[in-house]
Amino acid sequence: MEHSSDDDKSEHNNGLHNRVAKDTPQRGWRTWLIGKPLPTAAMPHQTVSKAVGLAVFGADALSSVAYAPQETLVILAAAGTQALGYAFPISLIITVLLAIVTISYIQTIHAYPTGGGAYTVVKENLRMPAALVAGAALLTDYILLAAVTVSSGVAQIVSAFPDLFPYRVWISVGLLVLIAVANLRGVKESGNTFAAPTYFFLGMTVLTVGVGFIRYMSGTLGMVIDTPPIES
């Protein structure tokens, strides 16, 4: 009787195993594109390393380096050559603002070690109306950041390859789609995707500034001649 009972249990388990395997959902195009759905309980396992986290959360500030100085100089040049002298004071003010933001981030991390952005912090300290304003401001900032960053990047690509100028809008839309898909795959996968180009950009920036200072100190820094007129 015991032997028969064991056989019944084994048969039942095999049937259950086969049924579970048979009922496993197939991988469709959505799963292939944005990854498999993750339960809320899997959230603690979706953490990223400090190196990847720095690339992900520092991308906003780093991307501004690519276009902000150029746009600042364009506006100042439009006001006249004497206005270019304000470029350095403006840069100092921006640096101070970045330092304030960095200190704020550090305080937020210590106060909310399990995670919490502007919406969470404002909601717990200033209540819901102010939190909604903070959330709306972040949403607007994300939209503008994506638009400006992609537009600036495509402008640099088109300047290097002028034949792509008629396709600049489609290139911008394609890059936005790629960014959206990468973010839909989750923080962990999108972080690994964005870490490499972020650190590459940071390395090239440091290299460019370093070479510029070396050439300036050695007196071999070239001069830009026959600059194109600024379009107003």
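Residues numbered from 1 in each chain as written. Predicted model: local features only at pLDDT ≥ 70, side-chain atom pairs only at ≥ 80, totals over all residues. Heavy atoms only, no water.

With that settled, consider the overall build of the protein. Across its full length, the protein carries eight helices and zero strands. Accessible area for the protein stands at about 18,600 Å²; split by element, carbon and sulfur atoms hold 69% of it. (Helix = DSSP H or I, 4+ residues; strand = E, 2+ residues; numbered from the N terminus. Areas by Shrake-Rupley, 256 points an atom, 1.4 Å probe, with all protein chains shown as cover.)

Here we take up helix α3 (residues 50-57). Residues V52, G53 and A55 constitute the buried set of α3. Burial along α3 is one-sided: seen end-on, the buried residues are contained in an arc of 160°. Among the exposed residues of α3, those oriented more than 90 degrees off its buried face are K50, L54 and F57. (Buried < 20%, exposed > 50% of the residue type's maximum accessible area, 1.4 Å probe, protein only. Arc of directions from axis to C-beta.)

So, about the packing of helix α6 (residues 118-160) against helix α7 (residues 168-184). When two helices pack together, their arrangement is given by the angle between the helix axes and by the axis-to-axis distance. Interhelical geometry of α6 versus α7 gives an angle of 130° and a closest axis separation of 10 Å. With respect to each other, α6 and α7 are oriented oblique. For the element pair α6 and α7, the recorded crossing hand is right-handed. In this structure, α6 contributes A146, V150, V154 and V158 to the contact, and α7 contributes R168, I171, S172, L175, L176 and I179. The class makeup of the residues in the contact of α6 with α7 is eight nonpolar, one polar and one charged. (Axes fitted to C-alpha atoms, helices over the stretch in contact; angles between N-to-C directions. Parallel < 35°, antiparallel > 145°, perpendicular 65-115°, else oblique. Left-handed = near helix turned anticlockwise from the far one by under 90°. Contact = heavy atoms within 4.5 Å. Nonpolar A, V, L, I, M, F, W, Y, C, P; charged D, E, K, R; others polar.)

This paragraph deals with the environment of V48. Here V48 shows up in the loop between α2 (29-34) and α3. Considering only alpha carbons, one finds V48 and N192, 144 residues apart in sequence, at a separation of 8.5 Å.

Bringing unusual backbone geometry into the picture now. The residue R127 is not glycine, and still its phi comes out positive at about 75°. Mapping R127 onto the fold places it in helix α6.

With that out of the way, let us pick up the packing of aromatic side chains. Aromatic ring pairs are defined here through the distance separating the ring centres and the angle between the ring planes. Per the counting criterion, the structure on display carries zero aromatic pairs. Seen from the ring of F165, R168 lies directly overhead, with NZ or CZ sitting 4.0 Å from the centre. (Phe/Tyr/Trp six-rings, centres within 6.5 Å; stacked < 30°, edge-to-face > 60°. Lys NZ or Arg CZ within 6 Å of the ring centre and 35° of its normal.)

Another aspect to go through is the confidence of the model for the protein. Confidence in the prediction of the protein, expressed as mean pLDDT, is 76, and 75% of residues score 70 or more. The low-confidence segment residues 1-7, where pLDDT is below 50, has zero contacts with residues more than four positions distant or belonging to other chains. Within the model, pLDDT remains below 50 along residues 16-25, and this stretch shows zero contacts once partners closer than five positions in the same chain are excluded. (pLDDT = per-residue confidence, 0-100.)

The subject of this paragraph is a nonpolar patch on the surface. The grouping of V209, F213, Y216, M217 and L221 at the surface amounts to a nonpolar patch, some 580 Å² of accessible area in total. Along the chain, the position of Y216 falls in helix α8 (residues 187-218). (Patch = residues over 30% accessible without salt bridge, like charges linked within 9 Å, V, L, I, M, F, W, Y side chains within 5 Å. Salt bridge = Lys/Arg side-chain N within 4 Å of Asp/Glu carboxyl O.)

Before going further, it helps to examine α6. Between its first and last C-alpha atoms α6 spans 39 Å; for 43 residues at 1.5 Å apiece the expected length is 63 Å, and the helix comes up short by more than 12%. Within the span of α6, buried status applies to V122, A131, A134, L145, V150, S152, V154 and V158. (Expected span 1.5 Å × (residues − 1).)

Turning next to the environment of T72. As for its position among the elements, T72 is in helix α4 (residues 59-78). By relative accessible area, which is 22% here, T72 ends up partly exposed.

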